[in-house]
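Observations on the three-dimensional arrangement
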Amino acid sequence: MTVRTPPSAPAYSAAMPVRRAPHAPERGDASDLRVALCTDTYTPQVNGVALTLERLVRAIEARGGAVHVETVDVPGAPRSEQLQRAASIPFWAYPQLRIAAPPRGVARRLAHFAPTLVHAATPFVVGIAGRRVAAQRAVPMVSSFHTSFVSYLPHYGLGALDRVAWPFLRWFHNSGCRTFAPSGIIAEQLRQQRFERVRVWGRGVDLQQFAPHHRSVALRSSLGLAPEDCLITYVGRLAPEKDLPTLLRAVHRLQASMPTRVHLAIAGDGPAEAALRAMAPEGTRFMGALRGAALSAFFASGDIFAFPSATETFGNVVLEAMASGVAVVAPNVGATTELAHPLTARTFAPGDDAALATELQALIASPAERARLQRAGLVEAALRSWDAVWDGLIADYREACGSAVGR
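Not measured: the values here are computed from a predicted model.

**Brief notes about the sheet that holds strand β10 (residues 230-235)**
With parallel pairing, six strands are arranged side by side in an open sheet as β12-β11-β10-β13-β14-β15. Only two strands of the sheet have a single neighbouring strand rather than two, namely β12 (285-288) and β15 (346-348). Direction aside, the axes of adjacent strands within the sheet are offset by 25 degrees on average. Bridge count between β10 and strand β13 (residues 304-306): two bridges; the pairing is parallel. Looking at the pairing, I232 lines up with I304 of β13. Relative to the sheet, helix α10 (residues 292-301) contacts β10, β11 (262-267), β12 and β13, its axis offset from that of β10 by approximately 135 degrees.

Here you go:
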């Protein structure tokens, strides 16, 4: 049976009181939850959604809950009884993403697992399969909106699909008890598109993995930097929707006008890599996809983190750069403005490489301004604890299950 709340229900806030039945588990205790997570992206794929969902699984299990994952197959990816993968092929427009065949046996496996909640994390084949099983078995379902697919369509020559994309997404998400948005800005956009029962499931940052002490003189030296040189960094997918040409053009401008040596290093991979390499300023270093200690050192070793994308639903890498003690430059519109605003970052109009170059130049010329933004970014990051995020989400999971704990 689906539990519905009014469409005007307020967005989730970690500070909101949680209504519990008598003898309910303590906040953050997930021992009463059995979550079936159905997603079309998961590790070892490297993207913000996959990494967030992997972290979600670990958080639920660490708090005593059980999770069964249905996802796509990736060559060499691990699987187990509680991690099942459907056969898949690369998506033609973005080979790093996978399109799955309809998963076989998902209904049988979920019946055996007996979930108390289905979380359909993506509106594609595996997510739709989870939605279907939840409806068939009368199990409460929640969904999450991770990626602004509609804003991506023009970047892939698919703008005409805009007319059908929003109705399809409403059909998918409005069938559940909750739609979780990663930021308040995206939550409001979804409400304007007539999404119902929208809550905010925010994001945190690992302050051990992303911290200033990971700065590496050896890494900077390996990139050819002298001590007085400025290193501008970017981390993320190399894809059309990230608008990296704007950053490359801005750095071209800087190198032509500033006496200080300016270097650009880019971490990530994606379908636009060849085109970006062809137009990159001289000396640009493409680092590939980084993880673990290498990613920590890369973030902390930059002087300025430049992020040109205006299509984000949160901006994980912006928060990770702030936690790493690096000054940030980001667009003045979109979900990243919840993190990167005039108190914490320099901002510019999306797509305006001259404006981006002006902001970068101002930071290069002013170590004091860079230091101010570094301090402000560290404060912003310190306020975003993963523990608070997971405690709030688990409370919302339980509410979606009918607030039946303790009965």
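**Quick word on the sheet that holds strand β2 (residues 66-72)**
Taken in spatial order, the seven strands of this open sheet run β3-β2-β1-β6-β7-β8-β9, and their pairing is parallel. The two strands at the open ends of the sheet, each matched to only one other strand, are β3 (83-86) and β9 (198-200). The mean angle between the axes of side-by-side strands here comes to 20 degrees, regardless of whether they run parallel or antiparallel. When β2 meets β3, the two strands line up parallel, connected through four bridges. Along β3, the bridge assignment pairs T71 with R85. Along the sheet, helix α1 (residues 48-62) makes contact with β1 (34-38), β2 and β6 (117-120), crossing β2 at roughly 160 degrees. Along the sheet face, helix α14 (residues 386-400) touches β1, β6, β7 (141-144), β8 (178-181) and β9 and points at about 165 degrees away from the line of β8.

**Notes on the pattern of salt bridges**
Throughout the structure, instances matching the rule amount to 24 salt bridges. Close ionic contact of R63 with D387 constitutes a salt bridge, the shortest N to O distance being 3.1 Å. Residue R63 is found in the loop between α1 and β2, and its partner D387 is found in helix α14; the two are separated by 324 residues along the sequence. Overall, the relative accessible area of 19% leaves R63 in the buried class. Salt bridges linked by common partners bring R178, R199, D396 and E399 together as one network.

**Remarks on the confidence of the model for the chain**
For the chain, per-residue confidence averages 88 on the pLDDT scale, and residues scoring 70 or more make up 87% of the total. Confidence drops under pLDDT 50 across residues 1-23; counting only partners more than four residues distant or on other chains, this segment forms 47 contacts. Low pLDDT, under 50, characterises residues 403-407; the predicted model gives this stretch 10 contacts beyond four residues in sequence or across chains.

**Thoughts on the packing of aromatic side chains**
According to the stated counting rule, one finds 11 aromatic pairs in the structure shown. Centroid distance W166 to F195: 5.9 Å. Interplanar angle 85 degrees. Geometry classified as edge-to-face. With W166 in helix α5 (residues 162-173) and F195 in the loop between α6 (184-192) and β9, this pair connects stretches of sequence that are 29 residues apart. Summarising the aromatic geometry, the rings of W201 and W390 are spaced 6.1 Å apart at their centres and angled 50 degrees between planes, so their arrangement reads as tilted. Here W390 lies in helix α14 and W201 lies in the loop between β9 and α7 (217-222), a separation of 189 residues in the sequence. Pair check on accessibility: W201 and W390 agree, each one buried. Ring-pair connections join several aromatic residues into one group, and the members of that group are F180, W201, W386, W390 and Y397.

Cut-off values and rules
Counting of residues starts from 1 at the beginning of each chain's written sequence and follows it residue by residue. Only residues with pLDDT of at least 70 get local features here, since the model is predicted, and only at 80 or more are side-chain atom pairs given and counted; chain-wide, interface and lining totals rely on the full set of residues. As a rule here, side-chain values cover all heavy atoms of the structure and leave hydrogens and water aside. Criterion used throughout: strands pair if DSSP finds at least two bridges between them. Put simply, DSSP H or I for four residues or longer makes a helix, DSSP E for two residues or longer makes a strand, and each gets a number counted from the N terminus. To obtain an axis, a line is fitted to C-alpha atoms, over the contacting stretch when the element is a helix, and the angle between two such axes runs from 0 to 180 degrees between their N-to-C directions. Residue contacts follow a heavy-atom distance rule, with two residues in contact if any of their heavy atoms lie within 4.5 Å. The salt bridge criterion pairs a side-chain nitrogen of Lys or Arg with a carboxyl oxygen of Asp or Glu, the two atoms within 4 Å. For the exposure calls, accessible area comes from a 1.4 Å probe over protein chains only, and a residue counts as buried if that area is under 20% of its type's maximum, exposed if over 50%, partly exposed in between. The predictor's confidence in any single residue is recorded as pLDDT, a number from 0 to 100. Note on aromatic contacts: the rings of Phe and Tyr and the six-membered ring of Trp form a pair at centre separations within 6.5 Å, being stacked when their planes are under 30 degrees apart, edge-to-face when over 60 apart, and tilted otherwise.

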